[in-house]
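# Observations on chain architecture
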Amino acid sequence: MRDREPTASWFPAAVAGPMKRVTALPGTGSAPETWLTVTALPRSERGVLVLRVVGEVDLATVGRLREGLHTYVLGTHPGVVLDCTGVSFLGACGISLLLHITAQARDQGVTLRLVTHHHGVLRALEVTGVNRLVRRAATVAEAIVQCST
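Residues numbered from 1 in each chain as written. Predicted model: local features only at pLDDT ≥ 70, side-chain atom pairs only at ≥ 80, totals over all residues. Heavy atoms only, no water.

Time to look at helix α4 (residues 140-148). Taken as a whole, α4 has its buried residues at Ala143, Ile144 and Cys147. One side of α4 holds all its buried residues, which, seen down the axis, span an arc of 100 degrees. Looking at the buried residues of α4, the elements they touch are β3 (48-57), β4 (79-90) and β5 (111-115). (Buried < 20%, exposed > 50% of the residue type's maximum accessible area, 1.4 Å probe, protein only. Helix = DSSP H or I, 4+ residues; strand = E, 2+ residues; numbered from the N terminus. Arc of directions from axis to C-beta. Contact = heavy atoms within 4.5 Å.)

What follows is the structure in structure tokens.
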């Protein structure tokens, strides 16, 4: 297996055209299972931007995720849906980032909704009490409706 250098390319806050994807490789020789991908859907629905996050949010990937989330939460969209249905691990640093982004969105007047179904992620949110602080929706479609009303 070839060693890979960590790479990332972020996309502009105004998403138009083809889907944009970011892959953060946590380190040289990293396995694909530890990558983190953030995809901004090519068009927003009802003015709400949907960001799909896939992979593991841990110390190695949280910095790249932070950069992307700050770009969008401070962007021009009145609502942002974090589709984390593809996130299989949420470490303490990811929970901290989620709390920070939630507060920042509130301060900026942006409605933020989290969608996740993975047992490990839900358990991490429950054990830390974050499930009471971050608004969740059962589906992306439901989250879009909540963010646009």
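Don't stop here, the text continues.
A separate point is the pattern of salt bridges. Applying the stated criterion across every chain yields a total of two salt bridges. For the salt bridge of arginine 52 with aspartate 83, the shortest nitrogen-to-oxygen distance reads 3.1 Å. Taken together, the residues span a long stretch of sequence, with arginine 52 in strand β3 and aspartate 83 in strand β4 at a distance of 31 residues. On the basis of relative accessible area, aspartate 83 is assigned to the buried category, the value being 4%. Arginine 123 is the partner of glutamate 126 in a salt bridge, and the nearest nitrogen-oxygen pair spans 3.3 Å. Of the two residues, glutamate 126 and arginine 123 both sit in helix α3 (residues 119-128), three residues apart, roughly one turn of that helix. Given the relative accessible area of 46%, glutamate 126 is considered partly exposed. (Salt bridge = Lys/Arg side-chain N within 4 Å of Asp/Glu carboxyl O.)

Every α-helix carries 3.6 residues per turn, so stepping three or four residues along brings you back to the same face. With twelve residues, helix α1 (residues 62-73) extends 16 Å between its outermost C-alpha atoms, agreeing within 8% with the 16 Å of an ideal straight helix rising 1.5 Å per residue. Within α1 the residues assigned to the buried category are Val62, Leu65, Gly68, Leu69, Tyr72 and Val73. Summarising the axial view, the buried residues of α1 lie within an arc of 125 degrees, below the 170-degree limit, and thus occupy one face. Of the surrounding secondary structure, the elements contacted by the buried residues of α1 are β2 (36-40), β3, β4 and α2 (92-108). (Expected span 1.5 Å × (residues − 1).)

Looking at the protein, the pLDDT average stands at 80 and 76% of residues meet or exceed 70. Overall, residues 1-20 carries pLDDT values under 50, and its contacts beyond four positions in sequence, including any with other chains, amount to 53 contacts. Low pLDDT, under 50, characterises residues 22-29; the predicted model gives this stretch 36 contacts beyond four residues in sequence or across chains. (pLDDT = per-residue confidence, 0-100.)

Another point: the environment of arginine 136. Take arginine 136: it is sitting in the loop between α3 and α4. With residues near it in sequence (within four places) discarded, arginine 136 still touches Leu114, Thr116, Leu122, Leu125 and Gln146. A distance of 3.5 Å separates a polar atom in the side chain of arginine 136 from the backbone oxygen of threonine 116. (Polar contact = N/O pair within 3.5 Å; in protein donor to acceptor, adjacent residues only side chain to side chain.)

By the criterion of burial, β3 is predominantly enclosed, with seven of the ten residues buried. Summarising the sheet, β2 and β3 pair through five bridges and their orientation is antiparallel. Bridge pairing links valine 38 to valine 53 in β3. Here β3 pairs with β4 via nine bridges, running parallel. In the strand pairing of β4, arginine 52 is matched with aspartate 83. What joins β3 to β4 is α1, and the crossover it makes is right-handed. (Pairing = 2+ DSSP bridges. Right-handed = clockwise from strand over helix to strand, strands pointing away.)

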